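The primary structure of each chain is shown beneath.
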Amino acid sequence: MDLRAAERRLQAAQRAADVDSLDALLHPRVVGAGPDGMVFTKEDDLESYRSGALRITGLVEESLDVQDDGETGVTRTVAAVDAVQGGAVVSARLRYTRLWVRDDGNWRVLAATFVPVQ
């Protein structure tokens, strides 16, 4: 699977709250940071989907830029996202930047950030 396909597979897993697919696409040591500066781990992210604390109700990719050097890569995505987080309905346009690494021949996210964009 190429990096563009891996990014789109990740988006589909987020939309579907597919914890098994997310588990496969996230590196065991992945670290993410949200717009509030809070840092989260793979287990934090998976648990938010498992528990229903985060439910993506819409995620529409507006743009995707892919940089792939073979063993590492970066995806930069802008998406319109609708979600229910902690019981609150939220809508935002977000820029996701993800660092991907090849792990046993598969692309996996090692680091991620997302911030609102206008």
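1. Side note on helix H3 (residues 42-51)
Here is step 1: Turning to H3, its buried residues number three or more, namely Lys42, Asp45, Leu46, Ser48 and Tyr49. Along the long axis of H3, the arc covered by the buried residues comes to 155 degrees, so they all point the same way.
Here is step 2: In this structure, the buried residues of H3 make contact with helix H1 (3-16), helix H2 (19-25), strand E1 (26-33), strand E2 (39-41), strand E3 (54-68) and strand E6 (106-116).
Here is step 3: Positive phi shows up at Gly52, right after H3, with a value of about 85 degrees.

2. A look at a negative patch on the surface
Here is step 1: Together, Asp2, Asp68, Asp69 and Glu71 line one region of the surface with negative charge.
Here is step 2: As for its placement among the helices and strands, Glu71 is situated in the loop between E3 and strand E4 (72-85).
Here is step 3: With a relative accessible area of 53%, Glu71 lands in the exposed category.

The rules behind these values
Residues numbered from 1 in each chain as written. Predicted model: local features only at pLDDT ≥ 70, side-chain atom pairs only at ≥ 80, totals over all residues. Heavy atoms only, no water. Buried < 20%, exposed > 50% of the residue type's maximum accessible area, 1.4 Å probe, protein only. Helix = DSSP H or I, 4+ residues; strand = E, 2+ residues; numbered from the N terminus. Arc of directions from axis to C-beta. Contact = heavy atoms within 4.5 Å. Patch = residues over 30% accessible without salt bridge, like charges linked within 9 Å, V, L, I, M, F, W, Y side chains within 5 Å. Areas by Shrake-Rupley, 256 points an atom, 1.4 Å probe, with all protein chains shown as cover. Salt bridge = Lys/Arg side-chain N within 4 Å of Asp/Glu carboxyl O. Lys, Arg positive; Asp, Glu negative; His and termini not counted. Charge placed at Lys NZ, Arg CZ, Asp CG, Glu CD.

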